[in-house]
There are 2 protein chains.
Amino acid sequence: MTATPFRLGIAGLGTVGTGIVRLIDAQGDAIAAKAGRPVAVIAVSARSRSRDRGVDIARFAWEDDPVALAARDDLDAVVEVIGGEDGPAKALVERAIATGKHVVTANKALLARHGQALAEAAEAAGVALAGEAAVAGGIPALRGLGEGLAANRITRVFGVLNGTCNFILSEMAARGAAYDTVLDEAQKLGYAEADPTFDVGGMDAAQKLAILAALAFGTRVDVDGVSVEGIERVSAEDIATARDMGLAVRLLGLAQMTEQGLEQRVRPVMVAADSTVGALQGVTNAVVIEGEAIGQVTLMGPGAGEGPTASAILSDIVAAARGAARPLFGRPAAGLISATRLAHGAAHAPYYLRVMLADAPGMLAQVASALGEVGVSIQRMHQYDGRGGAVPVVLITHDTPSAAMEAAIARIDAAGICQASPVAMRLEAV
Amino acid sequence: MTATPFRLGIAGLGTVGTGIVRLIDAQGDAIAAKAGRPVAVIAVSARSRSRDRGVDIARFAWEDDPVALAARDDLDAVVEVIGGEDGPAKALVERAIATGKHVVTANKALLARHGQALAEAAEAAGVALAGEAAVAGGIPALRGLGEGLAANRITRVFGVLNGTCNFILSEMAARGAAYDTVLDEAQKLGYAEADPTFDVGGMDAAQKLAILAALAFGTRVDVDGVSVEGIERVSAEDIATARDMGLAVRLLGLAQMTEQGLEQRVRPVMVAADSTVGALQGVTNAVVIEGEAIGQVTLMGPGAGEGPTASAILSDIVAAARGAARPLFGRPAAGLISATRLAHGAAHAPYYLRVMLADAPGMLAQVASALGEVGVSIQRMHQYDGRGGAVPVVLITHDTPSAAMEAAIARIDAAGICQASPVAMRLEAV
């Protein structure tokens, strides 16, 4: 092939950065065929030049400073795999755009926080800013939403966006194990970080959801508008009860455009156990897109890891090299609209509610009246055998605004009839 | 928006053609935002000008002859939704390319048969030839294979590629019904054609598989190299037996590159009932892509219908309007290689084998020796209670070349110990 090479700089040589080098080494010919020109790494930057990474980096130019890498005049594109929503990642992406280079990043925090400004800058400069790897790893979710379903009015996008949480929840269900036990094991297996807060607390999924919502609805990314609750308080008891009812607990990220505004939330919900999302095991991710013309399209695959992430980055590099990169959010960033946030409490769904009642007469009546007083109606109810002095009662409600559910829980709590605070989870139709 | 419109001609105004008009009417602004310019239908061609289609076509220029439509000098692109592998569809696509227009088609027969020559012509003319809608309807499968997983060495691509067959097989399983009963119902529901041969015989899936294989492996489309068997002889009995073993029968299209050549086949197989493919119900399609870097990625959604097909066509139109269309097969057609076909009989897998033995001593021993003589070893076996004078025996074999399986069946048949020919199906690890 005699076409001009597409020249890359890579900022960050952790597993993903070295994975990109390895993929280009192994698949150079196929990549060149698809890109219409050879793709060549020219320069790299990382914290340590001497660390053994299993790939030869001595053949590339070296920059200590990633921002200096971004400013080099012998590159067509810069790959940012440093991470972090500010600091060097942001500085180098800004510098690359300012100096007329395409940018490919796997940095969801950066795109969720600064994607709007960066996309506007990239479009003004006539360069690509691409982030397929930032959302759901190797699954072509942004590509699907931005182009594959371009003509659809998307009504809802949701999914299992965090592999750590799905591993923990599906293992808890499979083995009846407690959260702490499985988290500990996930850490040993490398599926959870030493400090797992970002994953188990739901923030990782929230950043991905905010990016998906922008593509789905043509709205400006609003990560602060995502209502987030993590999986830390999901109990083996609720998972077992869910299973008895043919349900499964999943950390679901869901965005939908309603007449009252954009709803974005990440939280543990119950879904049908035999649904695609409910059946999803281990660290796999799934993104489900619902549109008026298309119906429901589901994309599933590995959400993280060296191979999938490097693969997603290469897909963006190939598109940029072909001159075919699409705008980060599927349409020009300046044209994205600011969505009204759906008011807190206005979202509604059927709920699962578990109360651990004191074993005394009249307790259940008090629960029923607390629910009735705030307008929550009961679809079905099951009282289990008492254990340890408490009587577990599980209710499924009819469609209920979250504000009413919160009020009901506050009343039940205040009545002093429970041995522990009630547990509520939305039942999500997926 | 002041950008020059992207001017379309549509050849064929059946449900898909009118669906495209409807989508552009309904989503024109969003499409323009994603395409970077307005998309406007200028001219149409169909068999009847006067038929009521529920959309106003009087506003478009009319051509009686689709080839004349393709030759018009006021169009940027032509959409072909007439169908058929030769005849007017092929003529108009050739004419559109020859006169410098982009072509978007939903015609899998045309692409499976003439895709190589048409893609070469389009690439020589510098125009796009796009066919996302031809394979698995609204699922962005070509987009995923051609670009989303561009850097992967794909090892296997498989899926449920025909909704009619999946509807029939999943209904048979759900209700214990016979093939003819469910086919009849599928025809009444509009899920099967009056002449269902093309679908139930596997040819529809074979054409789609051949296109997917070309993208996956960088090989020239070889639809004649697909080994095809339909679902017409799948019995309620085998489906029930499969279920007892935790398996499900699916019409699977599968292509894999082996060291001995390219294996392409469409046939009923047994898969784990709780696998994604095994759990797939109704007319939904699924495409599963396995690559070295990515692992396994699954795309699921509606495989046919006005909305999904029109949506897929619009996604190609948007890409062409942005000047970002990729080559039909993901890389230049001239560079595709002719794959060696895997020899007949060389494919291997574990098999399910059901024999209906005459109820007399020594019959089972004859089956066991017939298998042993051709080197087929048995993993497990179950003999059921006799019914109607026959004793059903179900065997699962170890990994077996298909040639050996065919030889074993011929021997068992020749021994005259069965009340009906043995039934064999591959067990596919999916």
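Criteria and cut-off values
- Residues numbered from 1 in each chain as written.
- Chains lettered and ligands numbered in written order.
- Predicted model: local features only at pLDDT ≥ 70, side-chain atom pairs only at ≥ 80, totals over all residues.
- Heavy atoms only, no water.
- Axes fitted to C-alpha atoms, helices over the stretch in contact; angles between N-to-C directions.
- Helix = DSSP H or I, 4+ residues; strand = E, 2+ residues; numbered from the N terminus.
- Parallel < 35°, antiparallel > 145°, perpendicular 65-115°, else oblique.
- Left-handed = near helix turned anticlockwise from the far one by under 90°.
- Contact = heavy atoms within 4.5 Å.
- Phe/Tyr/Trp six-rings, centres within 6.5 Å; stacked < 30°, edge-to-face > 60°.
- Buried < 20%, exposed > 50% of the residue type's maximum accessible area, 1.4 Å probe, protein only.
- Buried area = accessible area lost by both parts, 1.4 Å probe.
- Salt bridge = Lys/Arg side-chain N within 4 Å of Asp/Glu carboxyl O.
- Polar contact = N/O pair within 3.5 Å; in protein donor to acceptor, adjacent residues only side chain to side chain.
- pLDDT = per-residue confidence, 0-100.
- Least-squares fit on C-alpha atoms with pLDDT ≥ 70 in both.
- Pairing = 2+ DSSP bridges.

Next up on the list: the packing of helix 3 (residues 87-98) of chain A against helix 4 (residues 108-125) of chain A. Residues and elements named next belong to chain A. Viewed as axis vectors pointing N to C, helix 3 and helix 4 meet at an angle of 10°, and their least axial separation amounts to 10 Å. With respect to their mutual orientation, helix 3 and helix 4 come out roughly parallel. For the pair helix 3 and helix 4, the sense of crossing is right-handed. Of the residues in helix 4, those touching helix 3 at Lys 90, Val 93, Glu 94 and Ile 97 are Leu 110, His 114, Leu 118, Ala 121, Ala 122 and Ala 125.

All names here are of chain A. Enumeration over the complete set of coordinates arrives at two aromatic pairs over all chains. When the ring of Phe 167 is compared with that of Tyr 191, the centres are 4.8 Å apart and the planes differ by 65°; the resulting orientation is edge-to-face. Of this pair, Phe 167 sits in helix 6 (residues 163-175) while Tyr 191 sits in the loop between helix 7 (179-189) and helix 8 (197-200), and the two are 24 residues apart along the sequence. Judged by its relative accessible area of 7%, Phe 167 is buried.

Bringing the interface of chain B and chain A into the picture now. The interface is formed by 44 residues belonging to chain B together with 44 residues belonging to chain A. Interface area for chain B against chain A, summed over the two sides, is near 3,600 Å², with a carbon-plus-sulfur share of 57%. Summed over the three residues of chain B that lose the most area to chain A, namely Lys 34, Glu 147 and Ala 151 of chain B, the buried surface amounts to 19% of that side. Our enumeration of links across chain B and chain A arrives at six salt bridges. Applying the counting rule to chain B against chain A returns twelve residue pairs in polar contact (both at pLDDT 80 or more).

Along the chain, Ser 315 of chain B falls in helix 12 (residues 306-321). The buried category is assigned to Ser 315 of chain B, whose relative accessible area is 0%. Among the polar contacts made by the side chain of Ser 315 of chain B, one reaches the side chain of Arg 143 of chain B at a distance of 3.0 Å. Here Ala 312 of chain B takes part through its backbone oxygen, which lies 2.6 Å from a polar atom of the side chain of Ser 315 of chain B. Apart from residues no more than four positions distant in its own chain, Ser 315 of chain B is found in contact with Glu 147 and Gly 148 of chain A together with Glu 132 and Arg 143 of chain B.

Chain-level pLDDT for chain A is 94 on average; 100% of the residues reach the 70-or-more range. Predicted complex metrics record ipTM = 0.93 and pTM = 0.94.

Take the relation of the copies chain B and chain A next. Rotating chain B by 180° and moving it 0.0 Å along the rotation axis overlays it on chain A with an RMSD of 0.0 Å. Both chain copies can therefore be described as sitting about a two-fold axis. A shared interface surface links the copies, since 100% of the contact residues of chain B are contact residues in chain A too.

Looking now at the sheet that holds strand 2 (residues 39-45) of chain A. All names here are of chain A. With parallel pairing, the six strands of this open sheet are ordered in space as 3-2-1-4-5-6. On the outer flanks of this sheet lie strand 3 (61-63) and strand 6 (129-130), each paired with one strand and no other. When strand 1 (residues 6-11) meets strand 2, the two strands line up parallel, connected through six bridges. If you follow Arg 7 over to strand 2, its bridge partner there is Ala 40. Of the strands in this sheet, strand 1, strand 4 (77-80), strand 5 (102-105) and strand 6 are in contact with helix 3, which crosses strand 4 at around 170°.

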